[in-house]
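# A look at the structure
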Amino acid sequence: MLSLLLACTDPDDHEPAESGDAGEVAAPSQLVPLPQLIKPGTGTFTLNADASLGATGPAVFAAEQLANYLRRPTGFALPVESTGEITLTLSDDLPAEAYTLEVTTEGVQIAASDAAGLFYGSQTLRQLFPAAIFGAQSAQVWTVPVVQIADVPRFEWRGVMIDVARHFFTVTEIERQIELLALHKLNRLHLHLTDDQGWRIEILSWPNLATWGGSTEVGGGSGGYYTQDEFRGLVAFAAERHVTLIPEIDFPGHAHAALASYPELNESGVAAELYTGEAVITTPLWLAGPETARFVADVWHEVAALSPASVVHIGGDEAIDTSDADYRAFVQSLQATVALDGKELLGWDEIGIVPLNSPFLAQYWYDADNAREAVKNGARIIASPAEYAYFDMIQSPDAAYGQVWAGIVGTEQAYDWDPELEGVSGVDIAGVEACAWTEYIDDEEKLDFMLWPRLAALAEVGWTLPGERDWAGFSERLGWHGARLDVLGVGYYRTVEVEWMSAL
Ligand code: TNX
């Protein structure tokens, strides 16, 4: 696959370019995530007010998207025509999501074989402009350095999980994060939609789940939920940015909000009280209950219909009050349930103990033996080891807040690891995903602070080949990248591990 890219550029030319001042032209070495191949040139291309974008047929949508990203900061009209200074071309000879980007003094050519590749080429181009390209309209000379780039992701799954159950985050807040994911070429947003403290997705056949089970959150705030229309809107918003939304309904543990919503789901016949504590509890479904199987099937049927993704997350973590035998039977039945709607099952690594039909996915967060078992059973792994990828962990001993059970997860820690494990390697690994559990993350400011810049580090783990990655190079590029995050208004953690180049 890489040979096609190698044909485009000479790898020996991959050398860091000189850095300028924050307000000046970004040098190609400041890209995050780092492209596989960069061949810096001399000179610059300047985008002028009379420029246009060139694209035809199915490339027009990607060109319009790029034009939209550039119109606001530049104030230029940037019409999309059949030819232009910035051209986007679809051709058949690159792998999925790959792109080539060539900047000459005359113009910019982006080529890819799919829409995602054109989109990622466009994101790289945005980063080649001065950081002000991420802001409101300003008077600048909009120059880009001459460069040739050939790029392809290492992993197909590059994601983040946001727990909207412990604290609810609105559609607008999630959309803002999706824009940031797209900028970093992340392509999965896993929403943890249910947990003991809240149920966040409208289920028409069991309406109390959202209206009652979603009526509060950790700390007793008013919670919230996504209506099905809102959820479909989020799916579409994400899809336009090549982010697939992965819904999680967490059963059989962590089911307290469901039990609080319907008395018939409780062995006692009485609805549980809503739970708003910070402490993790793991209330199990009453698997022997006469209504439980129908309830689970109804929920999954509606959620599957809302989500065009081929993969759905069935939870399966911390089912400590469910016997192994019951757990196995339940997860197997879930695989059959979601298969009725054509979905592939994904679950937390505990599902490694369950014989399931391949293909399925397991998310390694805690127990490497579970991940190895899952691979033996035919799974591919999404790597989210807590000590590297749990972004609810504290970032340094003096950071304002964060959990500590998996240790300190600074930016270097979030960067300097590899998802390969003994017994889990190569094609066994679908990709990587960071997890933001939100017991203590109760607003957008804290979400920014916990996700960024660690998510930029995770994005590079997922995108860039291991031989091209090193912390020294990344931290330097991140220092410049911070200027982009500043312009975007991201309240990231200004870790002392990085020399931030912006003045803020
Ligand atoms: C473990 S990770 C959990 C979550 C907590 C998290 C806090 C996982 C699959 N389960 O319920 O929120 O730790 O770090």
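Cut-offs and rules
Residues numbered from 1 in each chain as written. Predicted model: local features only at pLDDT ≥ 70, side-chain atom pairs only at ≥ 80, totals over all residues. Heavy atoms only, no water. Axes fitted to C-alpha atoms, helices over the stretch in contact; angles between N-to-C directions. Helix = DSSP H or I, 4+ residues; strand = E, 2+ residues; numbered from the N terminus. Parallel < 35°, antiparallel > 145°, perpendicular 65-115°, else oblique. Left-handed = near helix turned anticlockwise from the far one by under 90°. Contact = heavy atoms within 4.5 Å. Nonpolar A, V, L, I, M, F, W, Y, C, P; charged D, E, K, R; others polar. Pairing = 2+ DSSP bridges. Salt bridge = Lys/Arg side-chain N within 4 Å of Asp/Glu carboxyl O. Core = buried A, V, L, I, M, F, W, Y, C linked by side-chain atoms within 4.5 Å. Buried < 20%, exposed > 50% of the residue type's maximum accessible area, 1.4 Å probe, protein only. Near = heavy atom within 4 Å. Polar contact = N/O pair within 3.5 Å; in protein donor to acceptor, adjacent residues only side chain to side chain. Areas by Shrake-Rupley, 256 points an atom, 1.4 Å probe, with all protein chains shown as cover. Phe/Tyr/Trp six-rings, centres within 6.5 Å; stacked < 30°, edge-to-face > 60°. Lys NZ or Arg CZ within 6 Å of the ring centre and 35° of its normal. Arc of directions from axis to C-beta.

It is the contact of helix α2 (residues 60–74) with helix α3 (residues 115–128), at a shortest axis distance of 10 Å, that shows an interaxial angle of 20 degrees. Judged by the inter-axis angle, α2 sits roughly parallel to α3. Every pair of crossing elements has a handedness; the one defined by α2 and α3 is right-handed. Of the residues in α3, those touching α2 at A62, Q65, L66 and Y69 are L118, F119, S122, Q123, L125 and R126. Residues belonging to the contact of α2 with α3 are distributed by class as follows: six nonpolar, three polar and one charged.

With that out of the way, let us pick up the sheet that holds strand β14 (residues 344–348). With respect to topology, eight strands assemble into a closed barrel ordered β8-β9-β12-β13-β14-β15-β16-β17, the strand pairing being parallel. Ignoring which end each strand starts from, the neighbouring axes of this sheet average 30 degrees apart. Both strand β8 (residues 157–163) and strand β9 (residues 188–192) contribute to a ladder of five bridges, which runs parallel. Its bridge partner being in β9, M161 is matched across the sheet by H190. Sheet contacts for helix α6 (residues 228–240): β9 and β12 (244–251); angle to β12, the most-contacted strand, approximately 135 degrees. Against the sheet, helix α8 (residues 292–306) makes contact with β12 and β13 (311–315), and its axis sits at roughly 175 degrees relative to β12, the strand it touches most.

Let us now look at the pattern of salt bridges. For the coordinates displayed, the defined rule picks out 21 salt bridges. When the shortest N-O distance is used, the salt bridge between R232 and D229 registers 2.9 Å. A residue pair is termed a helical-turn pair when its members lie 3 or 4 positions apart in one helix, as R232 and D229 do in helix α6 at three residues. Among the ionic contacts, a cluster of salt bridges with common partners joins R154, D418, E420 and R469.

This paragraph deals with the nonpolar core. Formed by 111 residues in total, the largest nonpolar core has its most connected members in I174, L189, L191, W199, Y226, F295 and L455. Counting 42 residues, the second largest nonpolar core, distinct from the first, contains L31, V108, L118 and F134.

On to the site of the ligand. As a matter of local geometry, the ligand sits amid 13 residues, with R166, Y390, D392, W405 and E439 nearest to it. Taking E318, its side chain carries an N or O atom lying 3.3 Å from a nitrogen atom of the ligand. The contact in question runs from an oxygen atom of the ligand to an N or O atom on the side chain of D392, over 2.6 Å. Burial of the ligand by the protein amounts to 97% of the accessible area it has alone, namely 360 Å². Looking at side-chain class alone, the shell around the ligand contains six nonpolar, two polar and five charged residues.

With the exception of glycine, most residues fall at negative phi, and the peptide bonds are largely trans. Backbone torsion omega between F251 and P252 reads 0 degrees, so that peptide bond is classified as cis. Of note, P252 is situated in the loop between β12 and α7 (256–261). Here the residue pair W452 and P453 is connected by a cis peptide bond, since its omega of 10 degrees sits within 30 degrees of zero. Within the element layout of this structure, P453 appears in the loop between α13 (444–451) and α14 (454–463). Even without being a glycine, E97 presents a positive backbone phi close to 70 degrees. Within the secondary structure, E97 sits in the loop between β4 (86–90) and β5 (99–103). Accessibility expressed as a relative area gives 12% for E97, which makes it buried.

The next subject is the environment of D428. As for its position among the elements, D428 is in the loop between α12 (411–415) and β17 (429–436). For D428 and L465, which are 37 residues apart along the polypeptide, the C-alpha to C-alpha distance reads 16 Å. Those residues in contact with D428 that lie beyond four places of it in its chain are V375, R380, I381 and G423.

The subject of this paragraph is the sheet that holds strand β3 (residues 80–81). Strand order in this open sheet of seven strands is β1-β7-β5-β6-β4-β2-β3, and the pairing throughout is mixed. The outermost strands of the open sheet, each flanked by one partner alone, are β1 (37–47) and β3. Contacting β4, β5, β6 (108–112) and β7 (142–151), α3 crosses the sheet at an angle of about 35 degrees to β5.

The next subject is the packing of aromatic side chains. If you walk through the whole model with that rule in mind, you get 23 aromatic pairs. Both rings, one in F251 and one in F295, keep their centres 5.8 Å apart while their planes meet at 50 degrees; by these two values the pair is tilted. Separated by 44 residues along the polypeptide, F251 in strand β12 and F295 in helix α8 bring together distant segments of the chain. The residues F251 and F295 share a single accessibility class, namely buried. Following the ring pairs from residue to residue traces out a cluster consisting of W348, W365, Y366, Y390, W405 and W437. Its guanidinium or amino end placed over the ring of Y69, R126 lies 3.8 Å from that ring's centre, counting from NZ or CZ. Over the ring of Y401 we find K446, and its NZ or CZ is 5.8 Å from the ring centre.

Among the structural elements, T124 can be located in helix α3. The residues contacting T124, other than those within four sequence positions of it, are L31, Y99, L101, I149 and K185.

Buried residues of helix α10 (residues 368–376): A368, N370, A371, A374 and V375, and no others. Take α10 and look down its axis: the buried residues cluster within an arc of 155 degrees, on one side only. Where α10 is buried, its residues contact β15 (360–364) and β16 (379–383). Capping the start of α10 is the job of one residue whose side-chain oxygen sits 2.8 Å from the backbone nitrogen of D369: D367.

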